[in-house]
Structures are given as structure tokens and as C-alpha cells.
Amino acid sequence: MVDFKKLFKAWLFDWRLKRAIKEADRKAQTHRRKYLVIIYKERPLVLSMQGIKQQIRMHRFGKGFTAEKARKLAAYEAVPKNR
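Residues numbered from 1 in each chain as written. Predicted model: local features only at pLDDT ≥ 70, side-chain atom pairs only at ≥ 80, totals over all residues. Heavy atoms only, no water.

Draft legend 1. Just the pattern of salt bridges, in detail. Following the criterion strictly, the structure yields four salt bridges and no others. Measuring nitrogen to oxygen at the nearest pair gives 3.5 Å for the salt bridge that ties E68 to R71. Of this pair, E68 and R71 both sit in helix α3 (residues 67-73), three residues apart, which is roughly one turn of the helix. On the basis of relative accessible area, R71 is assigned to the partly exposed category, the value being 31%. Three or more residues joined by partner-sharing salt bridges are found here, namely K34, E68, R71 and E77. (Salt bridge = Lys/Arg side-chain N within 4 Å of Asp/Glu carboxyl O. Helix = DSSP H or I, 4+ residues; strand = E, 2+ residues; numbered from the N terminus. Buried < 20%, exposed > 50% of the residue type's maximum accessible area, 1.4 Å probe, protein only.)

Draft legend 2. Region of interest: the nonpolar core. Grouped together as the largest cluster of nonpolar side chains are eight residues: L17, A20, A24, A28, Y35, V37, V46 and A78. When residues of this core are traced back to their parent elements, those giving at least two are α1 (4-31) and β1 (35-40). Tallying contributions element by element places α1 first for this core, with four residues. Leaving out residues up to four positions away in the same chain, Y35 has contacts with A24, K27, A28, V46, L47, S48, Y76, E77 and A78. Formed by seven residues, the second largest nonpolar core is a distinct cluster that contains I52, A67, A70 and A74. (Core = buried A, V, L, I, M, F, W, Y, C linked by side-chain atoms within 4.5 Å. Contact = heavy atoms within 4.5 Å.)

Draft legend 3. Examining the pairing of strand β2 (residues 43-48) more closely. Where burial is concerned, the two faces of β2 differ: the one with P44, V46 and S48 is buried and the one with R43, L45 and L47 is not. Two elements, β1 and β2, share six bridges in a ladder whose sense is antiparallel. Each residue of the ladder has a partner; that of Y35, found in β2, is S48. (Pairing = 2+ DSSP bridges.)

Draft legend 4. Summary view of α1. Between its first and last C-alpha, α1 extends 40 Å over 28 residues, near the 40 Å set by a 1.5 Å rise per residue. Residues of α1 that are buried: L12, L17, A20, A24 and A28. (Expected span 1.5 Å × (residues − 1).)

Pasting the structure below:
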């Protein structure tokens with residue numbers, strides 16, 4: 001038997017991820033910055049690379065966490081295209 005609760009949660013996560021990817025692409029083109037889609041507390045979160053670096057400087061992440069690690073852990077990386 002199909003577990004509809006798990007199926008719905010998976011569908012909802014996919015929908016949120018697609019929406020976050022579109023948002024990251026749109027923001028990358030608008031603001032001309034790199035944006036990452038990171039999974040945080042089982043939800044996709046859109047952050048700019050500059051924002052991640054600022055959060056690291058403010059010690060919001062654990063010790064040893066770098067912007068390069070954030071890029072490796074990201075579900076998606078939006079890079080602005082040349083105009």
C-alpha cells in the first residue's frame with residue numbers, strides 16, 4: 001500500500017525545490033550575484049554567496065564551515081549569465 005503522507009511530503013519538497021531554483025535564477029540575473037539553494041531543516045533556502053560569507057563572519061555556522069563547503073553542499077548554484 002502506498003503511504004500517501006510520505007508521497008505528499010516528497011511532492012511538496014520537490015515543488016519547493018523547483019520554486020527555490022527559479023527564485024535563485026531570477027535573483028542571480030537581477031542582482032548579478034551567485035546564489036545557492038541550500039537544504040536547511042528539510043526546506044530549500046536561497047542565499048547569496050555574499051550573504052553566506054557574511055553569516056560565516058558572524059559565526060552563524062559551525063567552526064570550520066567555509067563558503068566552499070556551502071557550494072559543495074548546495075542543491076543548486078545559480079550563476080548570473082552575461083548580458
